[in-house]
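Residue strings, one per chain:
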Amino acid sequence: MMQHSAIDVVTATPIFAVRLEDAIKVKPFVSKEMPRYYLNGVRIEPHENGGAVIAATDGHRLGMYYSEDGWVGESAIVSLPKILTPEKAFLRDWLVGVRVGTSDYIAVVSGHRDDENEDTAQHAMNRVEDCRLRIGRCLIDGTYPDWRRVIPEISQGAQWSGFSGEYLASFTSRDNRYIDISSGDPGDPRFVLNGDKNFVGVIMPSRVTSVMPDWLKPAKEIAGRVEEMLTLV
């Protein structure tokens, strides 16, 4: 009598679900250097109060975004393919990470635009088989640096200065990409130097309306120097 061997059933396990547009917002900060392969993706991790934090750094810049309605069961480094652009991030799409045995993939799942109660991370994971896009081998196996180490502690009485991004960009060029801005009182005009010894600019601060969000808890022991970013990588 022939005996049939048991067939192992490999189940698909969702490991995270965040808004696709939230992940794309930090994509510009992802490193393009191959030796630091672990920086070639965005870091998705759970927040202690719920939701997910998405971060990306190239060692010089750091971008962070709090995905309030996201869910993370397992922190991951996710490579976002070129096909995932802001134009491809349709309204309320979800990015779901799935592990199947020793392999993995990410899926873009359309959200329920007509029913907010159905438009949740859990429902997106339940509908992962009906995704409109599936891309394999997007999870990076590596150790992501502790990006929170470079965040300075901001006191309650801190004085902020705001500057228009459009105006700041006008002081840079292909030959002069770096700018130095003088210190001073928040409302004072600032001198701007861009590496050209024959150039001096002045920029007026803009009104500051943003505040440090509650979801970001700066590390207590850090001095907040930008140079320390480089020690992470």
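Residues numbered from 1 in each chain as written. Predicted model: local features only at pLDDT ≥ 70, side-chain atom pairs only at ≥ 80, totals over all residues. Heavy atoms only, no water.

1. Digging into the overall build of the protein chain
And step 1. Tallying secondary structure elements over the protein chain gives three helices and 13 strands in all.
And step 2. Burial status across the protein chain gives 38% buried among its 233 residues.
And step 3. A separation of at least 24 residues holds for 66% of the contacts in the protein chain among residues at least 6 apart in sequence.
And step 4. Per element, the accessible surface of the protein chain, about 14,900 Å² overall, is 51% carbon and sulfur. (Helix = DSSP H or I, 4+ residues; strand = E, 2+ residues; numbered from the N terminus. Buried < 20%, exposed > 50% of the residue type's maximum accessible area, 1.4 Å probe, protein only. Contact = heavy atoms within 4.5 Å. Areas by Shrake-Rupley, 256 points an atom, 1.4 Å probe, with all protein chains shown as cover.)

2. Overview of the pairing of strand β1 (residues 12–19)
And step 1. By the bridge criterion, seven bridges tie β1 to strand β7 (residues 94–100) in an arrangement that is antiparallel. Residue P14 lies in a different strand from β7, and its bridge partner there is V98.
And step 2. Two elements, β1 and strand β5 (residues 71–72), share two bridges in a ladder whose sense is antiparallel. Within β5, the residue paired with F16 across the bridge is V72. (Pairing = 2+ DSSP bridges.)

3. Section: the nonpolar core
And step 1. Membership of the largest hydrophobic core comes to 38 residues, with the highest contact counts inside it found for F16, V42, I44, V78, L95, I106 and W147.
And step 2. Elements with a minimum of two residues in this core: β1, α1 (20–24), β2 (42–46), β3 (52–57), β4 (62–67), β6 (76–78), β8 (103–109) and β10 (139–140).
And step 3. Among the nonpolar cores identified, the runner-up in size contains 12 residues, and W94, V98, Y105 and A121 belong to it. (Core = buried A, V, L, I, M, F, W, Y, C linked by side-chain atoms within 4.5 Å.)

4. Focus: the sheet that holds strand β13 (residues 201–203)
And step 1. Taken together, the three strands give an open sheet; going across it, the order is β11-β12-β13, and neighbouring strands pair in antiparallel fashion. Both outer strands of the open sheet, β11 (180–181) and β13, are each paired with one neighbouring strand and no more.
And step 2. Relative to strand β12 (residues 190–193), β11 runs antiparallel, the two sharing two bridges. Bridging from a neighbouring strand, I181 pairs with V192 of β12.

5. Describing the packing of aromatic side chains
And step 1. Summed over the entire model, instances satisfying the criterion amount to three aromatic pairs.
And step 2. Ring centres 5.5 Å apart and planes at 75° place the aromatic pair Y37 and Y38 in the edge-to-face group.
And step 3. The exposure class assigned to Y37 is partly exposed, which follows from its relative accessible area of 41%.
And step 4. Exposure remark for Y38: the relative accessible area of 17% places this residue in the buried category.
And step 5. The side chain of R134 reaches across the aromatic face of Y105, ending 4.5 Å from its centre. (Phe/Tyr/Trp six-rings, centres within 6.5 Å; stacked < 30°, edge-to-face > 60°. Lys NZ or Arg CZ within 6 Å of the ring centre and 35° of its normal.)

6. Quick look at the confidence of the model for the protein chain
For residues with low pLDDT, the predicted coordinates do not support detailed interpretation.
And step 1. Summary statistics for the protein chain give a mean pLDDT of 84 and a share of 84% for residues scoring 70 or more.
And step 2. A low-confidence stretch, residues 4–8 (pLDDT under 50), is modelled with zero contacts involving residues beyond four sequence positions or located in other chains.
And step 3. pLDDT under 50 marks residues 219–230. Its contacts with residues more than four places away, or in other chains, come to 23 contacts. (pLDDT = per-residue confidence, 0-100.)

7. Some remarks on the environment of E118
And step 1. Relative to the helices and strands, E118 is located in the loop between β8 and α2 (121–126).
And step 2. The residues touching E118, leaving out its near neighbours within four places in the chain, are H112, H123 and R127.

8. With respect to the sheet that holds β10
And step 1. The strand order β4-β3-β2-β6-β10 describes an open sheet built from five strands, whose pairing is antiparallel. The open sheet has two free edges, formed respectively by β4 and β10, since each of these has just one partner strand.
And step 2. As paired strands, β2 and β6 are joined by three bridges and run antiparallel to one another. Within β6, the residue paired with I44 across the bridge is A76.

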